[in-house]
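A closer look at the structure
Read off the chains here:
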Amino acid sequence: MDCYPVFVEPSVEADHYEGFCRGTLWGVLHNVVDVYAVNATRWVNADQHLRYWNAYTSVNRLFAQRILEVYTEGSIVWVHDYPLLLVPASLARLGIRGAVGLFLHTPFPSSEIFRTLSVREDILHGMLAASHIGFHLFEYARHFVTSCRRIVGASGTAARAGGVYELDYSGRKIRLTVSHVGLEPALLASRLQTSEVKAVAAAYRERFRGKLVLSAIDNLAYMRGIPLKLLAFETMLRTSPSLRGKVVLHQVGVRALSLEPVSEEVLGEMRRMVARINDKYGAGTVSLEERGEVPTLNERLGLWCATDVFVSTSIRAGLNLFPLEYVYARNDPPGALVISEFVGASRVLLGSLRINPWRKNELAKAMADALTMPDAMKRERQRANYAWVMGNSASVWGERLLMDVKSSAPDARFATSAKRGSKQLEATAGLGHAFRVLGLGNTQAFTALTAGEHEDMVGKAYSSANRRLLIFDYGGTLAVGEGLEYKHNPIHPLVAQFGVKHKARPMDRDLRAAFATLARDSRNKIFIISGQRREVLERDFGHLPEIGLAAENGFYYRWGSDSRGGVAASSSQSDTDAASTASGMRYGGGGGDTASVSSSLAAGPSLAWKAASEHDDEARTAWKALVRQIMDVYAMRTNGAFVQEKGCSVVWYHGGADAEFGRMQAKELTEHLREVLKHLDLKVQTGAGYVEVRPRGVNKGVMVQRVCERLGADIDFVLCIGDDESDELMFSTLESLHRRYVQRKQRSAANAQRPPWATRGISGSSAGSAGSGGGGGGGG
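Let me begin by describing the structure that accompanies this report.

Conventions and cut-offs
Residues numbered from 1 in each chain as written. Predicted model: local features only at pLDDT ≥ 70, side-chain atom pairs only at ≥ 80, totals over all residues. Heavy atoms only, no water. Helix = DSSP H or I, 4+ residues; strand = E, 2+ residues; numbered from the N terminus. Buried < 20%, exposed > 50% of the residue type's maximum accessible area, 1.4 Å probe, protein only. Areas by Shrake-Rupley, 256 points an atom, 1.4 Å probe, with all protein chains shown as cover. Expected span 1.5 Å × (residues − 1). Bend = angle between axes of the 7 residues up to and from the residue. Patch = residues over 30% accessible without salt bridge, like charges linked within 9 Å, V, L, I, M, F, W, Y side chains within 5 Å. Salt bridge = Lys/Arg side-chain N within 4 Å of Asp/Glu carboxyl O. Lys, Arg positive; Asp, Glu negative; His and termini not counted. Charge placed at Lys NZ, Arg CZ, Asp CG, Glu CD. Pairing = 2+ DSSP bridges. Contact = heavy atoms within 4.5 Å. Axes fitted to C-alpha atoms, helices over the stretch in contact; angles between N-to-C directions. Parallel < 35°, antiparallel > 145°, perpendicular 65-115°, else oblique. Left-handed = near helix turned anticlockwise from the far one by under 90°. Nonpolar A, V, L, I, M, F, W, Y, C, P; charged D, E, K, R; others polar. Polar contact = N/O pair within 3.5 Å; in protein donor to acceptor, adjacent residues only side chain to side chain. Phe/Tyr/Trp six-rings, centres within 6.5 Å; stacked < 30°, edge-to-face > 60°. Core = buried A, V, L, I, M, F, W, Y, C linked by side-chain atoms within 4.5 Å.

Topic: the overall build of the protein
Along the backbone of the protein there are 28 helices and 24 strands. In the protein, which comprises 780 residues, the proportion classed as buried is 49%. Entry remark: accessible area of the protein is about 36500 Å², with carbon and sulfur atoms responsible for 53%.

Right, dumping it as structure tokens:
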């Protein structure tokens, strides 16, 4: 195996590992929030914490750059543990988006704990750039999925064949697997035969001659549960007098180098408890061995050989292979294990006595049961434990995980020159730590407009065009900088009554200037099509009369003038005819919006807001009242949700609710509405953070078709940009219009090339019979 060093400045490495990894991440990952800790730097010293975070990101970039130097096409990248959580995203920035795996050897906390991190989104974005993420236990994967749902808006998991789960995020499917690592039996077998191991075992047997031995090796940190173990051991001696003088608890305490203040406190408490037990039940009842570092493998195997009962009482632990070592070392004669249910190994060593270390009496009874367990029962339990250890070696685990990582690789078309297959395509978006990898689906219909031969395709086509149509979505596309909470959690109408402005952020100055430049070009016709209200669009584009606007997904629209002050397009087709494109609509908008439309007529025909349809108030009010009544019930039962009535629709927002509960309620509400409204010409539309009911035919696709029909067939360039699922209707409509245009052009070209005699003698025949009978007619 070749090793490639990554050189890091000592001060940066100290800030990276001791400062951020151990000082911040370690506690959070183990479900500990250190608000009142001795060194709670991330709470009381923001500048220091920022320095630690910068060091963490710097080291992750250095690792990614080193990987790039040795990376070859088709290689598998497998990143391990919490010091390198940002490496997958750093690799994606450098163009490596093939088989990239990430395995976390620590627990993953509940979302309520993880969200206390100020850099929570950055870490999740870094992890989600991997194609495969592995955990030791399912509960860690479940916590990770919940955090992704609630913090970055990922959707749920779906089970796949082979015990693999997939998490949907930004159009990608990230595979999640759960697999506890093992150890290498062949290595242990050779070590057990060494003279050093035998000497250590003999020394411990001689030291504890005639007594049953319980032993453990733990770091001197709160999460190892050493005081709980000592309390339970003391309880066992009090409640089981027959064991007094016959047992000894040997505790090896290792100083956790990065947690010295905590280690000293735990050590002091442990010393006091050991002294109390030894004073009460005899010297040597508890043997405390303090170490500055973890005992070597040979020293550990020697201790395990002399141990009758292995005891682990950690209150939160990730990877701990000591129980597996004990199972292998004490196969014959078999020992017994008492393991905390919060230790990962307890889920795979099914022959152990699994306990909750917080329940003192339960732990004391388990210790006593293990010490007095019949040999036959010990052998049965050991058989189950030993079978798992032998069948799940570290090499088998590694091969299995590497195959999972390899099979998770997306099509690397945008990252390499590999030929596209049937796997998902990917692209990248975002800056800084908001950088993320986007999935484009299992299709070959996408063309990268910024790579290879297509690098300047848009610019060249734009420059050579004479009549251009530019269509933009607003929220999330032009309203830059808005996050998940802003976009899907608009301001509550009750709050707005107290003078709070609409939460949509105005466009920045540079973007306004860019649109002004585009609008002045007489060859451009610009249309903004949004789900926002008209006042929002007027705020950002009202000073540019050349730009056409469509609010509430096209229910209200204004055409705008051209750059020379005239009408945007020929008015030969009336607005009534244009509105008829939205076929099947029955219901209109609200009274307030209608008044606003009427008041805007003074601006001239091209700048007047128009409604896609007009209907009587009774019909409009009937369906809105019914929908509002249903939505209000769900809003009252969903904290953070509310209902908002627009001109042509009623919307139930749940972006401010608990993410999972909000989605559950939205699903139930959608099914309820569809059942109640199935006989009405209304559409129930769901999206990220909302459920909307509106008349059929009111959508962005219909509005795009209306715009194209009004402008005519001489458009030679169309650019349409959006960011949401609702924008897909614009794309599909344009694709359909383009396909029909190409078909008409091909038919016209075919007719132009057909000889004049080809249609002679044909009367009243269909197009199909004309094509087949052309020769016969000519012969007659």
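Moving on from the coordinates now.
Here we look at helix 1 (residues 10-29)
Spanning 20 residues, helix 1 covers only 25 Å between terminal C-alpha atoms, well under the ideal 28 Å at 1.5 Å per step. Along helix 1, the sharpest kink reaches roughly 45°, centred on C21. By the burial criterion, the buried members of helix 1 are D15, H16, G19, F20, C21, R22, T24, L25, W26, G27, V28 and L29. Note on helix 1: the residue one or two positions beyond its end, N31, has a positive phi of about 65°.

Some remarks on a positive patch on the surface
The grouping of R238, R244, K280 and K360 at the surface amounts to a positive patch. Mapped onto the elements, K280 comes out in helix 11 (residues 260-281). Taking the relative accessible area as the measure of exposure, K280 reaches 53% and is therefore exposed.

As for the pairing of strand 5 (residues 164-169)
Relative to strand 6 (residues 172-178), strand 5 runs antiparallel, the two being bridged by 5 bridges. The residue of strand 6 that forms the bridge with Y165 is L176.

Looking at the sheet that holds strand 19 (residues 610-611)
Within the open sheet, the 6 strands sit side by side as 19-18-17-16-15-24. Their pairing is mixed. Strands with a single pairing partner mark the edges of an open sheet, and in this sheet they are strand 19 and strand 24 (717-721). Relative to strand 16 (residues 524-529), strand 15 (residues 468-472) runs parallel, the two being bridged by 5 bridges. The residue of strand 16 that forms the bridge with L470 is I526. Along the sheet, helix 21 (residues 534-541) makes contact with strand 16, strand 17 (548-551) and strand 18 (556-558), crossing strand 17 at roughly 155°.

Some words on the pattern of salt bridges
Overall, the coordinates contain 33 salt bridges when judged by the stated rule. Taking the shortest distance from any N to any O, the salt bridge between D540 and R512 comes out at 2.9 Å. Residue D540 is found in helix 21, and its partner R512 is found in helix 20 (residues 509-520); the two are separated by 28 residues along the sequence. For K700, the salt bridge identified is with D727, shortest N-O distance 2.6 Å. Of this pair, K700 sits in helix 26 (residues 700-711) while D727 sits in the loop between strand 24 and helix 27 (728-753), and the two are 27 residues apart along the sequence. For K700, a relative accessible area of 3% puts it in the buried group. Look at D727 and you get buried, because its relative accessible area is 0%.

What to know about the environment of A275
If you trace the backbone, A275 turns up in helix 11. Separated by 10 residues in sequence, A275 and T285 place their C-alpha atoms 9.7 Å apart.

Describing the sheet that holds strand 22 (residues 682-687)
What the 4 strands build is an open sheet, ordered 20-21-23-22; its pairing is antiparallel. Only two strands of the sheet have a single neighbouring strand rather than two, namely strand 20 (642-645) and strand 22. The average undirected angle you get between the axes of adjacent strands in this sheet is 15°. Here strand 20 pairs with strand 21 (residues 650-653) via 4 bridges, running antiparallel. Residue pairing in the sheet places F642 in a bridge with Y653 of strand 21. Running over the sheet, helix 25 (residues 659-676) touches strand 21, strand 22 and strand 23 (690-695) and is turned about 20° from strand 23.

Topic: the packing of helix 6 (residues 120-128) against helix 7 (residues 138-152)
Where helix 6 contacts helix 7, the two axes come as close as 11 Å, and the packing angle between them is 120°. When the interaxial angle is binned, helix 6 and helix 7 end up oblique. When the axes of helix 6 and helix 7 are compared, the crossing they make is left-handed. Contact residues: helix 6 offers R120, E121, L124, H125, M127 and L128, while helix 7 offers F144, S147, C148, I151 and V152. Here the contact of helix 6 with helix 7 is built from residues that sort into 7 nonpolar, 2 polar and 2 charged.

What to know about the side chain of S147
Turning to its location among the elements, S147 is positioned in helix 7. Overall, the relative accessible area of 0% leaves S147 in the buried class.

Re the environment of W609
Note that W609 resides in the loop between helix 23 (591-599) and strand 19. In this structure the C-alpha to C-alpha distance between W609 and Y557, which are 52 residues apart in sequence, comes to 5.3 Å. A distance of 2.6 Å separates polar atoms of two side chains, one belonging to W609 and the other to E538.

Examining the side chain of T285
Mapped onto the secondary structure, T285 falls in the loop between helix 11 and strand 9 (286-291). A residue is classified by how much of its surface remains accessible, and T285, at 7% relative accessible area, is buried. Engagement of the side chain of T285 in a polar contact is seen with the backbone oxygen of G282, the distance being 2.6 Å. Residues in contact with T285, not counting those within four places in the same chain, are F233, L237, V247, V248, L249, I277 and N278.

Description of the pairing of strand 2 (residues 99-104)
Counting buried residues along strand 2, 6 of its 6 residues qualify, which places the element largely inside the surrounding structure. Side chains A99, G101 and F103 of strand 2 all project onto a buried face; the interleaved residues V100, L102 and L104 project onto the opposite face, where all are buried too. Judged from the 5 bridges that link them, strand 1 (residues 76-80) and strand 2 form a sheet pairing that is parallel. Bridge pairing in strand 2 links V79 to L102. Here strand 2 pairs with strand 3 (residues 132-135) via 4 bridges, running parallel. Pairing of L102 across the sheet is with I133, part of strand 3.

What to know about helix 13 (residues 322-329)
Working note: α-helix, 3.6 residues per turn, so residues spaced by three or four point in the same direction. Burial of helix 13 is extensive: 8 of the 8 residues sit out of reach of the surface. The elements touched by buried residues of helix 13 are helix 8 (185-192), strand 7 (212-219), helix 12 (297-305), strand 10 (309-312), strand 11 (336-340) and helix 15 (375-391).

Remarks on unusual backbone geometry
Residue D332 is joined to P333 through a cis peptide bond whose omega torsion reads 0°. Tracing the backbone through its elements, the reader meets P333 in the loop between helix 13 and strand 11. Positive phi values are uncommon outside glycine, yet D81 reaches one of about 75°. Residue position: D81 is located in the loop between strand 1 and helix 4 (87-93).

Observations concerning the packing of aromatic side chains
Inspection of the entire model under this criterion finds 24 aromatic pairs. Consider the rings of F20 and W53, whose centres lie 5.3 Å apart with planes at 55°: the pair is tilted. Placement of F20 in helix 1 and of W53 in helix 3 (residues 46-70) is noted, with a sequence separation of 33 residues between them. Overall, the relative accessible area of 6% leaves W53 in the buried class.

Quick notes on the nonpolar core
Judged by nonpolar contacts, the single largest core of 50 residues is most densely connected at L25, L85, F108, I123, F135 and F144. Tallying contributions element by element places helix 7 first for this core, with 7 residues. When near neighbours in sequence (up to four residues on either side) are disregarded, I123 contacts F20, L25, W53, L85, L86, F114 and L117. In this structure, A201, C305, A306 and I339 belong to the second largest nonpolar core, which totals 35 residues.

These figures come from the coordinates and say nothing about function on their own.
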